Structure formats: C-alpha cells, structure tokens
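Understanding the architecture of this molecule
The lines below spell out each chain.
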Amino acid sequence: MATIIPLNPMPAHDASAFLRAAANGPAHAGPIVDTRGRALSDLRISVTDRCNFRCVYCMPKDVFGRDYQFLPHAELLTFEEIVRAARVFVDLGVRKIRLTGGEPLLRKNLEKLVEMLARLGDLDLTLTTNGALLAKKAKSLRDAGLNRVTVSLDSLDDATFRAMNDVDFPVANVLAGIDAAEAAGLSPLKVNMVVKAGISEDSIVPMARHFKGTGHIVRFIEYMDVGATNGWRMDDVIPAAEIVRRITAELPLAPVDPNYSGEVAQRWRYADGSGEIGVIASVTQAFCRDCTRARLSTEGKLYTCLFATHGHDLRDLLRGDFTDMQIRNAIAAVWGRRADRYSEVRTANTVGAPKVEMSYIGG
Ligand code: SAM
C-alpha cells in the first residue's frame, strides 16, 4: 500500500501558535534553506480569491456558483500589509514576486500595489492573468513598474476557449490583451496553456504555430490535481513528452538548457531559430527538488507547497504587535522546517487528499 507523506508535519490548529513562538524565538541570520537544502527565492502573492472566469478545471461553476462565499474585503491583506510582508521576504532572499489570484486584475487599484512593490528594489516583478482586462490595464501596470506578464490561454479555437472559461469569453479579447501587453513593453511575455486530454489537446499544435516567431513563449502545462473540486484523473493528463512529440512532428524542436537552476518549465527551441516554448511537467517529471517558491494567500496565509492542506497565518502577526524582525524569524522558521515534495510522492491516494484550491492560493 502506498505511504502518504504529510505535506507539513504540523496540525492546522497549532500553526498560529507555532508562528507566534517562532517570532519570539531565536533570530535568523543569513540565507535560509529548508530541510532539503532549497533556498527561498520566489514569492507568489494572491491578491484576490475572485475570478471573472469559471474555468472548468479550476473554478467549476457547480462549486463556485452564485452562492459561493468569497472572502469579505476585511479579510484580505491590505496593500500596506502585502508590501510589508514582501519586504521581509526580500530580506530573506526573495528576488522574484508574482501577483496572482483568483484574477489579480480584479483587485481594485492593483497598479498602486505594483508601484509600492516596485519600490522594494531590484526585483523581477510579474503577474499571471487570464488577460480579460489586460487590454485596458497593460500600460498603467507597466507605468507602475511591472516587468512582465504571463497570460493564461487554453485554446485559440473560440468555441473551445469559451467552453473552457465557461463564461463565454471570446479568444479575441485575450489576444488583444496580449498585443496591448507587448505594446506596453511587458515582455518577454509568456502564454500558459493547460493541456487537458480530450478538451484542449487539439489546441497544442495551433497554439505553438500561432505564437512561433512572435517572441512570446508558450508554456504547455500538464493538468494538475490541485484542489479538490476539479475531479482530476491521471487519464486527463497529456504528458509533457507527448506534448513535445506532437509539436516537434510538425514544428521541429531541440532542447535548451534552463535559464537558471529551479526553472519550472523545460525549455525547447524551434530548430529554425524562430523562438522557444516551455513544458511544465509537474505531474510526470516533478521538480520539487528545485522548488524555491513560497505562496502568500489572499488573506495572508503562508504556504510552502501548491498542494498544501493548510497555511501559516502571517496576517495574525502583521495585524498583531510584531516587528518586522519577528515576522522574519517566523517566516524563516516555517521555511526551515519545510519538507514538502508533493509531486514527487503523488500517488492515487494523495490525489484525493484535501488540498487548498488553486484559485485561493494562486497559480
Ligand atoms: N486568473 C489568473 C490566470 O488565469 O492566469 C491567475 C490564477 S490561475 C489559478 C493561474 C494558472 O493556474 C492559470 O494559468 C491556470 O490555467 C492554471 N491552473 C489552474 N488550475 C490548474 C490545473 N488543475 N492544472 C494546471 N494548471 C492549472
């Protein structure tokens, strides 16, 4: 029988007590690494749990319907709280910050947050969006200091795309957002496509062909068992190797070295020199051993794995009488005991385990 390895060796009700004790514990100096020697260098910040799409594999309508209770505004971290937390993470070695959600462009005055984060120093500041509001916002985001953007787009076929986002949103508007982002200088621009068997797999080659030669990098993502609402089955996954095989049969590819250690996507370039693609094989070729990412949820919970069951309540410290140094100690303590490597130990048993939703923790 398969063994289930706990994602975090601490019951949820003790998490806050642990954080408070760690805040008042010994000071942490120097770069931090977890129990597997992984540094902390990336931070993903979810700025809202709401989305204007209902992608069938992420926020299915029968769960996230009209009656679904999203977080009330008072529960959300304020921009000041987000920036304060981010500053502490930067002190601990974070060099890349990605804003996500839900749909981050739904958060009111997001440009203001971008401007505040950009002042933290020499960071790679980026954002993942479904692109619906990008045509309107690309320039103001760039002016505020955003470096780059990743746009999610699962198909170029309008009927398929409308069915996948399940709110009848047309492809053309996302493509207009991509053009606006390019014009604003938010590049290199990445396009994320989730490949789900029988749903978007026919879009693999058209997507590659459409963006080949544009300078934009399409990243084909294996459909993952995040959350507990999408009814994931291994049969729904088209393995990255198969994705590459299908593209290279028509548009020959050659492998490329990673840009840096820990890069999520495996890189491939077109043999004719007209650009590159990436494949994110988090199911068939897990990359936990290089994972340097922490995630801050909309209401301030710190997660160290996309597949986690619970987070650590940083908001409790941010709204309490704790100094930046104490918050730094608490984050360092959480990272120091991090042992999670879900994708490497995924089994038929772990797939059904309770996990936070992607729309809540941020992609
Ligand atoms: N709303 C933004 C967007 O659409 O990009 C940001 C949040 S969304 C949760 C981030 C990314 O997660 C998207 O690219 C989405 O396609 C991807 N995603 C969501 N559920 C997924 C799943 N089960 N497997 C793989 N990727 C998934």
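Structure's up top.
The notes below deal with the structure included here. Computed from a prediction, not measured in an experiment: that's the story for all the values here.

Let's shift gears to the overall build of the chain. Secondary structure summary: the chain contains 13 helices and twelve strands in total. Relative to the compact-globule value of 21 Å for 363 residues, the chain shows a C-alpha radius of gyration of 20 Å, a close match. With respect to the principal axes defined by its C-alpha atoms, the chain has extents near 60 × 55 × 45 Å. The burial tally for the chain puts 57% of its 363 residues in the buried class.

Core analysis: the biggest nonpolar cluster contains 117 residues, and Ile97, Leu99, Phe220 and Ile247 have the highest contact counts within it. Ranked by residues supplied to this core, first place goes to helix H2 (residues 79–91) with eight residues.

Another point: helix H10 (residues 324–336). With 13 residues, H10 should reach 18 Å at 1.5 Å per residue; the first-to-last C-alpha distance of 18 Å fits that figure. Here H10 lies mainly inside the structure; ten of its 13 residues are buried. The set of residues buried in H10 consists of Gln326, Ile327, Arg328, Asn329, Ala330, Ile331, Ala332, Ala333, Val334 and Trp335.

Right, let's get into the pattern of salt bridges. Applying the stated rule across the entire model yields 25 salt bridges. In this structure, the salt-bridge partner of Asp168 is Arg162, at a minimum N-O distance of 3.3 Å. Here Arg162 falls in the partly exposed class, since its relative accessible area comes to 27%. Note that Arg233 and Asp235 form a salt bridge whose closest N and O atoms lie 3.8 Å from each other. On the basis of relative accessible area, Arg233 is assigned to the partly exposed category, the value being 45%. We classify Asp235 as exposed; its relative accessible area is 60%. Each of Asp34, Arg38, Arg338 and Asp340 takes part in salt bridges that share partners, so that together they form one network.

A word on the site of the ligand. In the region of the ligand, 20 residues are neighbours, and Tyr57, Gly102, Ser152, Met224 and Met358 sit closest. A distance of 2.9 Å is found between a nitrogen atom of the ligand and a backbone nitrogen or oxygen belonging to Gly102. Contributing elements (two or more residues each) for the shell around the ligand: strand E3 (124–129), strand E5 (190–195) and strand E6 (217–222).

Moving on, we get to the packing of aromatic side chains. Counted by the stated rule, this structure contains five aromatic pairs. With a centroid separation of 6.1 Å and an interplanar angle of 75°, the aromatic rings of Phe53 and Phe161 are classed as edge-to-face. Within this pair, whereas Phe53 is found in the loop between strand E1 (42–46) and H2, its partner Phe161 is found in helix H5 (residues 158–165), the two being separated by 108 residues in sequence. Judged by relative accessible area, Phe161 falls into the buried class, the value being 3%. Judged by centre distance (4.6 Å) and plane angle (45°), the ring pair of Phe64 and Tyr68 falls under tilted.

All right, on to the packing of helix H4 (residues 134–144) against helix H6 (residues 171–184) then. One way to put it is that H4 packs onto H6 with a least axis distance of 8 Å and a crossing angle of 20°. Considered as vectors, H4 and H6 are oriented roughly parallel to each other. When the axes of H4 and H6 are compared, the crossing they make is right-handed. Residues Leu134, Ala135, Ala138, Lys139 and Arg142 of H4 touch H6, and the partners they reach there are Ala176, Gly177, Ile178, Ala180, Ala181 and Ala184. In the contact of H4 with H6, the residues fall into eight nonpolar, one polar and two charged.

This part is about the sheet that holds E5. To summarise the sheet geometry, strands pair through backbone hydrogen bonds and adopt either a parallel or an antiparallel arrangement. One open sheet accounts for twelve strands, arranged E7-E8-E9-E6-E5-E4-E3-E2-E1-E10-E11-E12; its pairing is mixed. Each having just a single partner strand, strand E7 (253–256) and strand E12 (312–313) make up the two edges of the open sheet. Packed onto the sheet, H2 meets E1, strand E2 (96–100), strand E10 (293–296) and strand E11 (301–303) and runs at close to 170° relative to E1.

In this section: unusual backbone geometry. The peptide bond linking Ser187 to Pro188 adopts the cis configuration, its omega dihedral lying at 5°. Take Pro188: it is sitting in the loop between H6 and E5. Of note in the backbone geometry, Asp166 takes a positive phi value of approximately 55° without being a glycine. Looking at where Asp166 falls in the secondary structure, it is placed in the loop between H5 and H6. One non-glycine residue with positive phi stands out, namely Asp168, at about 60°. Here Asp168 shows up in the loop between H5 and H6.

This part takes up the pairing of E2. Burial of E2 is extensive: five of the five residues sit out of reach of the surface. What you see with E2 is no split at all: Lys96, Arg98 and Thr100 on one side and Ile97 and Leu99 on the other are buried throughout. Regarding topology, H2 serves as the crossover connection from E1 to the parallel E2, and that connection is right-handed. A crossover links E2 with its parallel partner E3, the connecting element being helix H3 (residues 110–118), and its sense is right-handed.

Considering the arrangement of structural elements, one finds Lys96 in strand E2. Buried within the structure, Lys96 lacks any salt-bridge partner; its nearest side chain of opposite charge belongs to Asp42, at an N-O separation of 4.2 Å. If near-sequence neighbours (up to four positions away) are discounted, Lys96 is found in contact with Ser41, Asp42, Leu43, Asp124, Thr126, Arg148 and Tyr260.

The rules behind these values
Residues numbered from 1 in each chain as written. Predicted model: local features only at pLDDT ≥ 70, side-chain atom pairs only at ≥ 80, totals over all residues. Heavy atoms only, no water. Helix = DSSP H or I, 4+ residues; strand = E, 2+ residues; numbered from the N terminus. Rg over C-alpha atoms; globule rule 2.2 N^0.38 Å. Buried < 20%, exposed > 50% of the residue type's maximum accessible area, 1.4 Å probe, protein only. Core = buried A, V, L, I, M, F, W, Y, C linked by side-chain atoms within 4.5 Å. Expected span 1.5 Å × (residues − 1). Salt bridge = Lys/Arg side-chain N within 4 Å of Asp/Glu carboxyl O. Near = heavy atom within 4 Å. Polar contact = N/O pair within 3.5 Å; in protein donor to acceptor, adjacent residues only side chain to side chain. Phe/Tyr/Trp six-rings, centres within 6.5 Å; stacked < 30°, edge-to-face > 60°. Axes fitted to C-alpha atoms, helices over the stretch in contact; angles between N-to-C directions. Parallel < 35°, antiparallel > 145°, perpendicular 65-115°, else oblique. Left-handed = near helix turned anticlockwise from the far one by under 90°. Contact = heavy atoms within 4.5 Å. Nonpolar A, V, L, I, M, F, W, Y, C, P; charged D, E, K, R; others polar. Pairing = 2+ DSSP bridges. Right-handed = clockwise from strand over helix to strand, strands pointing away. Lys, Arg positive; Asp, Glu negative; His and termini not counted.

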